Amino acid sequence: MSKNVLVIGSGGREHALCWKLADSPLVKQIFCAPGSVGISSIVKVESVDINIKDYPVLAEWCKQKNIDLVIVGPEDPLADGIVDALSSYGIKCFGPTKSGAEIEANKDWAKKFMAKYQIPTARYQSFTDAEAAKNFINNAPFPALVVKASGLAAGKGVVVASSKEEACAAVDEIMTDAKYGSAGQTVVIEEVLEGDEVSVLAFTDGETVSLMPPSQDHKRIGDGDTGPNTGGMGAYCPCPLITPEQLADVKEQVLQRAVDGLKAEGIHYVGVLYAGMMVTKSGPMTLEFNCRFGDPETQVLMLLLDSDLYTIMRACVDGTLKQVQVKWETEMCAVGVVIASKGYPVTSTKGCVISGLSQVQSQPNIVVFHSGVARGANDSLVTAGGRVILVAAKRSSLRTAASVATSAAAAIDFPGAQYRKDIAHRAFSNSVIA
Ligand code: AMP
Ligand code: GLY
């Protein structure tokens, strides 16, 4: 019997999840709260306007709509305890409980957890006092220049300083000036690591981990990884900057250890565990854990997922992931290029009419995912946020996928559109790929 599911979220990541779930013959209808114009345009998908913080009402709605599974996209609702609340009404959820989400929402907790379970990560110390933090920066026996607000700061709140002065200034900003509010009451001061950053995501049912192929995000706004940090300007998969041996180490020493450690702490962790890795000269080190799918990594991962996403998610919830063979199109490559609005990441521009979409979408194996898009006058689509669209291409080589996705981004236009022309460049410049 086919099922109804509810996806929580509205971004490119949730668009990609809905797109893939819609492929499943086991899924009858997908609701997405709040969803988006792009999400609603997928067959089987309906955006719903419901307050996801009103748990009793949400639970009642889920029962009325016969929702078989709730899939939570972003970290905030997870950290707020949406899974605990819905589970108490007997509703099944793909995503960790509030205590599981601590692994992302509380960096101090995550660092202590990594130390306890011997998960490789940078040396650090945590502080609740700004003077003590600055004293540590000035006297640590290693370059302690990474300053992190311990709490959730919408992907911001981390400063990789180039001098002790800059690191101390970051402490003042985060702790004394409370730039990120209460998220900065505790700071983690960490050793600077050097290498290539790779995102390694895994499905888990709390026991078994099933790795997704490695991918790479592009945080900076400008070509050559220059300019300010953003929510992510593009991603590609698979990322060749981590060897199969290193990936096997990440599976055993990072993801499996984390899931086993969470279990030992009494936390039944279900959903996606995302390890942000730095592949250093002495091996992969954990920069952070996220308790959810990555954005924009998910958009390229979903293009390469061969198996039925609903079946995998349901197996995670049922504790039967070991029995599921998750297949990926390993011979193919996917590259996604984000098109952002004018002023991003400082500001964003709303209401600019987007052109060129239908021409791009008519090409095979090119998919457009919406991040900040709204319906304008006369059925047009207009910009409605910082990151507007991600256009992804799947091809048999990374070079071709990158060139096709970049050309597609050039063909989609609106006043002030900005996109990077070098997504996947690290895979090429490190001469891993011919
Ligand atoms: P996080 O949210 O902890 O992953 O930090 C955000 C970004 O800061 C990461 O994606 C890295 O680019 C950078 N970063 C975090 N920790 C370190 C570190 N120890 N050394 C160098 N860069 C780091
Ligand atoms: N791509 C980084 C993140 O989702 O946090």
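Here is what the cut-offs are and how they apply
Think of each chain on its own: its residues are numbered from 1, step by step along the sequence as written. The naming scheme follows written order: chains are lettered A onward, ligands numbered 1 onward. Confidence filtering applies because this is a predicted model: local features only for residues at pLDDT of at least 70, side-chain atom pairs given and counted only at 80 or more, and all residues used for totals across whole chains, interfaces and linings. Excluding hydrogens and water, the side-chain figures rest on all heavy atoms present in the structure. Any two strands with at least two DSSP bridges between them are considered paired. Where helices and strands are cited, they refer to DSSP runs of H or I of at least four residues and of E of at least two residues respectively, numbered from the N terminus. Geometry is summarised by axes, namely lines fitted to C-alpha atoms with helices restricted to the contacting stretch, and by angles between N-to-C directions that run from 0 to 180 degrees. Put simply, a residue is near a molecule or strand once any heavy atom of it comes within 4 Å of that molecule or strand. Each polar contact in these results corresponds to two N or O atoms within 3.5 Å; when the atoms are within protein, one needs to be able to donate a hydrogen and the other to accept it, and residues that are neighboring in sequence are counted only if both atoms are side-chain atoms. For accessible areas, the Shrake-Rupley method is used with a probe of radius 1.4 Å. Any residue's cover is judged against the shown protein chains and nothing else. Polarity classes work like this: nonpolar for Ala, Val, Leu, Ile, Met, Phe, Trp, Tyr, Cys and Pro, charged for Asp, Glu, Lys and Arg, and polar for all others, with Gly in that last group.

Student: How would you explain the sheet that holds strand E7 (residues 146-149) if you had to name every residue and give the values?
Tutor: Across the sheet, which stays open at both edges, the four strands sit in the order E6-E9-E7-E8 with antiparallel pairing between neighbours. The sheet terminates laterally at strand E6 (124-127) and strand E8 (158-160), the two strands that pair on one side only. Neighbour to neighbour, the strand axes of the sheet diverge by 15° on average, direction disregarded. Taken together, the four bridges between E6 and strand E9 (residues 187-190) define a ladder with antiparallel strand orientation. Bridging across to E9, glutamine 125 finds its partner in isoleucine 189.

Student: An account of the site of ligand 2 is requested, with residue identities and associated values reported.
Tutor: Taken together, Asp217, Lys219, Tyr274, Asn290, Arg292, Gly294, Asp295 and Glu297 make up the full set of residues near ligand 2. Contacts to ligand 2 include asparagine 290, whose side-chain N or O atom sits 3.4 Å from an oxygen atom. Between glutamate 297 and ligand 2, the recorded distance is 2.7 Å, taken from a side-chain N or O atom to a nitrogen atom. For ligand 2, the accessible surface in isolation is 200 Å², of which the surrounding protein chains cover 88%. Of the residues belonging to the shell around ligand 2, the class tally is one nonpolar, two polar and five charged.

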